Amino acid sequence: MDIKLTDDQAQLQEIASKFMDKHCSFDFVRKMEKESDLGFCRDMWRQFAEMGWLGIMVPEKHDGMGMSLLDTVVLIRELGRHICPSPFLFTSVLAADVIAQVGSPEQQAELLPQIVAGEKIYAFAYQEYSRFFRPEHIKLEAKKSGDKYVLNGSKLFVEFADGADTLLVAARTGEANSQDGLTLLLVDRNSAGISTKHMPTMSRDRHYQVDFSNVEVPGSALLGELDKGWEALEPSLHKAVIAFCAYTNGAGFEMHGYATQYARERVQFGRPIGQMQTIQGYLAQMIMELYGADMLTMFSAFQIDKGRHARGYVAKAKAFSADTVGHVMDVSSQIFGGMGYMEEQDTTLYLRRGKQYQLALGGTEYWEDVIAEEIIDREPVVLT
Amino acid sequence: MDFDWSPEEIAFREEVREFIRTEMTDAVKGSIFIDTPARVEFVTKMARRGWLGMGFPEQYGGSPNPFPLAQFILNAELDRSGAPIIGKNVGTIASTIYHVASEEMKMEFLPMIFRNEGQWAITYTEPNAGTDLGSLQCRAIDMGDHFEVTGMKHYITSAHFCRWHWMALRTDPDAPKHKGISIFIVDHDTPGLSLSPMSTIGREGTTHRTNQVFFDKMKIPRSRLVGEVNKGFYYMMEALDYERFAILSFASRVRRYTKIVNWYKNADFNGERPINDPYTRRALARMAARVEVGTMLERMAICKAQYEVPAVEAAMNKAWGATIGDEFAQLALDLMGPFGGLWGGEHSPFGGGLADEHLMAGHARVAAGGVDTSKAIIARRLLGLPNALGKPELPQR
Ligand SMILES: Cc1cc2nc3c(=O)[nH]c(=O)nc-3n(C[C@H](O)[C@H](O)[C@H](O)COP(=O)(O)OP(=O)(O)OC[C@H]3O[C@@H](n4cnc5c(N)ncnc54)[C@H](O)[C@@H]3O)c2cc1C
């Protein structure tokens, strides 16, 4: 057992870190928040493609790099450090992986190289009007009519829906209120009957409500098997969740670094506030949580890469990383005193994202339910 | 990055498990704070396999280290099954002797420790020197060929059955407080040394007994001074880095967690099944994640230990482990409703064992460099923040 990064991983990390330092400044993030229609930058997306990142998990035979989830975690943690706004997670992790796992040979041959080349961007249309993230709660209906499907319903929190080319939609085709009876469809974003509404968030990012009104999609939009959407989606979703944890852990580490730096410099009562034990206690507690979340995330990625049953680990990683990022953004901001809440202060970019990250992709309660299913309802998992 | 154990690590773990299966009896199980003939015998059997001296040179009775993580695997398996772990004798005492003591002292004591002959007490704490060990007052006056000691220590575990004391005493009252302490090895039978028992709130046979130790003109031969005079504080601090890590393997916490989950799954109070209650399910789930984080921080510490003393990681291990131990004991009792308060008897889950654990759980947050002290170490050594107890250190511009 050895948890040092491999040379390749260390190199990837360094390249990513340098790229982000150069191209993803606070000014850039603010510009994406305020001025950009899309909320991300197409130029940067092209650069991601040139570096091969967009195909990091895509098999080599489809032009990708065929790297592991653990490698991807190393990369995306650097994006997270810089809270880089991009559709990377849902395009290059989630969509690329579902297509690679359950797509037909034709779909793989056509769609994967497009992802690698940066030609197609995917958005994930899953969440509906539910506090949880359960497949049972999906109601958007896809009715088969001839060799087409007709979609009616609403999706919420679809990130980058306006900039995307394709929506990865989880739709109800069978039994209601069940994990079964869901189907995955790849829907052209420009199909007639689709309309979007921006959902304003604390992060000032680009989340949308996407309404489907008699949207007709061809039979070829079917990804995987009819009514088996959840089985197809869940393993890839776990990978995306772990990648998201890496992203939020990265953001947490960065914010913690700013707070630590400030604690060394800000003087009150004749000494740096970082010399006061209460402040030290906060910072020490948070760094432990961050290390824990980070290790748990990498450990889960490792288990997934080995093809092992990792649902419990993923759930623990997500529940813990979520709580950690929420806590770290909140308490680190307090270390900045009043300045921590001023619009001009750059750390507020992190504060505005912390809670939202915590609640995204299934909040803590949802994942705690998954942990409970794994440790209570399945055979006792021997914690190793 | 490889989170899996290697084949040789797995083979060694199997060997340890097999040993535990054969040698472990109920009499061996128990707390790390007490020792019984059965526990001593069990450790001696490990000593015969060379497991106590792993990584120390053979001339001192050591044995080759099969691979860097062997000692950790051994301790984790022992801890998992409630057996005595390779704790302070090797982690604190033998390590320090090996690094700082004279050749003569090494030859005298190291083989003895590795054969598990003679038990040890760590004799540091005084009424006015607990967390702040540097301010200990009990004097050892230099009389030339010996030192003379009058004073007392308290909370000294194992003193009532030990053969030797690993003792910190003040040798220079005029030097700055951290620079006037020395370590001695003291024979428990030395004239002038006496004991008085102290009881903890744990039950008899668990963590019940500890001791006050008194010295009246006790003479310590000069040859029993460890390393250099007045360097004792630094020896203690370095050893604590090892001890935080060695004594607090996370495995026993995982074992307790698994035990409570099994109880929870089967619990049935006149038809009311806890497993159907979403609130406690989530509370257990939340704890599962926190326990898993403990195993992760431990992995981080042991992987680092392959290259250097994992001081910061050990402090994290200590702080997280003690915090989780305390939270877990609370949760376990909460899950049981009023039955959590039972200290034995018919309706008491685990015969009151978890109540015992709860009673002493807070102590782990305080002992051996507690949670707060560990956080101070993290703040200073990892985050580079100035010492909270020192003079103001203004930032350089
Ligand atoms: C069952 C048991 C067994 C023991 N075994 C041994 C043994 O074998 N040998 C031995 O030498 N000692 C032993 N001890 C003593 C133990 O190590 C001390 O109790 C411990 O070091 C704390 O010292 P104290 O009790 O004087 O508390 P204090 O040091 O007075 O601490 C009181 C409180 O203040 C906090 N505190 C102190 N300093 C700081 C700081 N800088 N920042 C923040 N908080 C602080 C502490 O965390 C604690 O909460 C044992 C104790 C017990 C209860």
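What you are looking at is a predicted structure, and each value in this text was computed from that prediction instead of being measured.

A. Expanded view of the overall build of chain A. What chain A contains, in helices and strands, is 11 helices and 10 strands. Computed over the C-alpha atoms, the radius of gyration of chain A is 21 Å, within 12% of the 21 Å expected from 2.2 N^0.38 for a compact globule of 384 residues. Projected onto the principal axes, the alpha-carbon positions of chain A cover approximately 80 × 50 × 40 Å. Put simply, chain A has 384 residues, and 61% of those count as buried. Contacts in chain A between residues far apart in sequence, at least 24 positions, make up 73% of those at least 6 positions apart. Approximately 15,000 Å² of chain A is accessible, and the part contributed by carbon and sulfur atoms is 50%. Positive and negative charge centroids in chain A, built from 38 and 53 side chains respectively, lie 3 Å apart.

B. How the structure looks around the domain arrangement of chain B. For chain B, the domain assignment lists domain 1 (7-118), domain 2 (122-231) and domain 3 (248-382). Placing the centre of domain 1 of chain B and that of domain 2 of chain B at their C-alpha centroids yields a distance of 25 Å.

C. Here's a closer look at the site of the ligand. Taken together, 15 residues surround the ligand, and among them A:Gln277, B:Ile122, B:Thr125, B:Thr131 and B:Tyr155 come closest. Residue neighbours of the ligand fall on chains A and B, so the site bridges chains. One nitrogen or oxygen atom from the main chain of B:Tyr124 is found 3.0 Å from an oxygen atom belonging to the ligand. Take B:Tyr155: an N or O atom from its main chain is 2.9 Å from a nitrogen atom of the ligand. Coverage of the ligand by the protein chains reaches 66% of its 980 Å² of free accessible surface. When residues in the shell around the ligand are grouped by element, the largest group, 3 residues, is from helix α10 (residues 353-366) of chain B. Classifying every residue of the shell around the ligand by side-chain character gives 7 nonpolar, 7 polar and 1 charged.

D. Looking closely at a negative patch on the surface. Residue and element names in this part refer to chain A. A surface patch of negative charge is lined by Glu175, Asp180, Glu225 and Glu231. Considering the arrangement of structural elements, one finds Glu175 in the loop between β4 (166-172) and β5 (182-188). Taking the relative accessible area as the measure of exposure, Glu175 reaches 53% and is therefore exposed.

Reading guide: rules and limits
Residues numbered from 1 in each chain as written. Chains lettered and ligands numbered in written order. Predicted model: local features only at pLDDT ≥ 70, side-chain atom pairs only at ≥ 80, totals over all residues. Heavy atoms only, no water. Helix = DSSP H or I, 4+ residues; strand = E, 2+ residues; numbered from the N terminus. Rg over C-alpha atoms; globule rule 2.2 N^0.38 Å. Buried < 20%, exposed > 50% of the residue type's maximum accessible area, 1.4 Å probe, protein only. Contact = heavy atoms within 4.5 Å. Areas by Shrake-Rupley, 256 points an atom, 1.4 Å probe, with all protein chains shown as cover. Lys, Arg positive; Asp, Glu negative; His and termini not counted. Charge placed at Lys NZ, Arg CZ, Asp CG, Glu CD. Domains from an automatic or database assignment. Near = heavy atom within 4 Å. Polar contact = N/O pair within 3.5 Å; in protein donor to acceptor, adjacent residues only side chain to side chain. Nonpolar A, V, L, I, M, F, W, Y, C, P; charged D, E, K, R; others polar. Patch = residues over 30% accessible without salt bridge, like charges linked within 9 Å, V, L, I, M, F, W, Y side chains within 5 Å. Salt bridge = Lys/Arg side-chain N within 4 Å of Asp/Glu carboxyl O.

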